[in-house]
Amino acid sequence: MFSLMSVFVLGVAAAAAIELSPIYSAPTAHLVKPLLKTVEVEAPAHYDFAYSVHDEHTGDIKSQTESRKGDQVQGQYTLIDADGYQRIVDYTSDAHNGFNAVVRREPLGQKIIKAAPVAKIVSPLPLAYAQPKLLAAPKLPLGLYH
């Protein structure tokens, strides 16, 4: 009985302590920072970009160039199609006309070397698989069945 009464007294004391302590305290004046909106001025975008790959071993031959001044973009990319033609794409983009591309295809005058087909290997003997063995269900004493 004494332990039950002491638990009750501790519970009442804890509840009183919770009610007396403030749940939210206002921030102090030295921690408050004034809200200032900063505006970053953006300069018009300007860049020039170019890359190219010329790998005779794999046949990977391509290139791209692009330049941007403000909202106007101009560029060109080239690649070798599988049929041996070079595809050349000239493109422009601006706020008034949107994206426009002109695609040309030109013969290279050289033959594209294709990889040799993979040889199929045929096994001289048919593969045989063993049939799985069927296992009987374990027999349980009658007292374990429901």
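The structure we're discussing is the one just above.
How each quantity is defined
Residues numbered from 1 in each chain as written. Predicted model: local features only at pLDDT ≥ 70, side-chain atom pairs only at ≥ 80, totals over all residues. Heavy atoms only, no water. Helix = DSSP H or I, 4+ residues; strand = E, 2+ residues; numbered from the N terminus. Buried < 20%, exposed > 50% of the residue type's maximum accessible area, 1.4 Å probe, protein only. Contact = heavy atoms within 4.5 Å. Polar contact = N/O pair within 3.5 Å; in protein donor to acceptor, adjacent residues only side chain to side chain. Pairing = 2+ DSSP bridges. Axes fitted to C-alpha atoms, helices over the stretch in contact; angles between N-to-C directions. Salt bridge = Lys/Arg side-chain N within 4 Å of Asp/Glu carboxyl O. Patch = residues over 30% accessible without salt bridge, like charges linked within 9 Å, V, L, I, M, F, W, Y side chains within 5 Å. Areas by Shrake-Rupley, 256 points an atom, 1.4 Å probe, with all protein chains shown as cover.

A. Region of interest: the overall build of the protein. Within the protein one finds 1 helix and 5 strands. For the protein, the sequential pattern of α-helices and β-strands runs α-β-β-β-β-β. Going through the 146 residues of the protein one by one, you find that 8% of them count as buried. Expressed as a percentage of contacts within the protein between residues at least 6 apart in sequence, the contacts between residues at least 24 apart total 12%.

B. Looking closely at the side chain of Gln64. Along the chain, the position of Gln64 falls in strand S2 (residues 60–69). A distance of 3.3 Å separates polar atoms of two side chains, one belonging to Gln64 and the other to Tyr91.

C. Structural detail: the sheet that holds strand S1 (residues 46–55). Across the sheet, 5 strands lie side by side as S1-S2-S3-S4-S5; this open sheet has antiparallel pairing. Of all the strands in the sheet, the pair left with one neighbour each is S1 and strand S5 (98–107). Sheet twist, expressed as the average angle between the axes of neighbouring strands with direction ignored, equals 10°.

D. Geometry of the pairing of strand S4 (residues 85–94). With 8 bridges connecting them, strand S3 (residues 72–80) and S4 associate as antiparallel partners. Pairing of Tyr77 across the sheet is with Val89, part of S4. With 10 bridges connecting them, S4 and S5 associate as antiparallel partners. Pairing of Ile88 across the sheet is with Arg104, part of S5. Once S4 ends, the chain turns through 3 residues before running back antiparallel as S5.

E. Quick peek at the pattern of salt bridges. Within this structure, the stated rule accounts for 6 salt bridges. Taking the shortest distance from any N to any O, the salt bridge between Asp71 and Arg68 comes out at 3.9 Å. Assessed through its relative accessible area of 27%, Arg68 is described here as partly exposed. Between Asp81 and Arg105 there is a salt bridge, and its shortest N-O distance comes to 2.8 Å. Within this pair, whereas Asp81 is found in the loop between S3 and S4, its partner Arg105 is found in strand S5, the two being separated by 24 residues in sequence.

F. Up close: a nonpolar patch on the surface. On the surface, Tyr47, Phe49 and Tyr51 cluster together into a nonpolar patch covering about 270 Å² of accessible area. Relative to the helices and strands, Tyr47 is located in strand S1. Taking relative accessible area as the criterion, Tyr47 reaches 31% and is therefore assigned partly exposed.

G. Structural detail: the pairing of S2. Sheet topology places S1 next to S2; 10 bridges connect them, and they run antiparallel. Paired with Tyr51 across the bridge in S2 is Gln64. Two successive antiparallel strands, S1 and S2, enclose a turn made up of 4 residues, where Gly59 displays a positive phi of approximately 80°. Summarising the sheet, S2 and S3 pair through 8 bridges and their orientation is antiparallel. Residue Gln64 lies in a different strand from S3, and its bridge partner there is Tyr77. With antiparallel pairing between neighbouring strands as the criterion, S2 and S3 make up a hairpin whose turn holds 2 residues, including Gly70 at a positive phi of roughly 70°.

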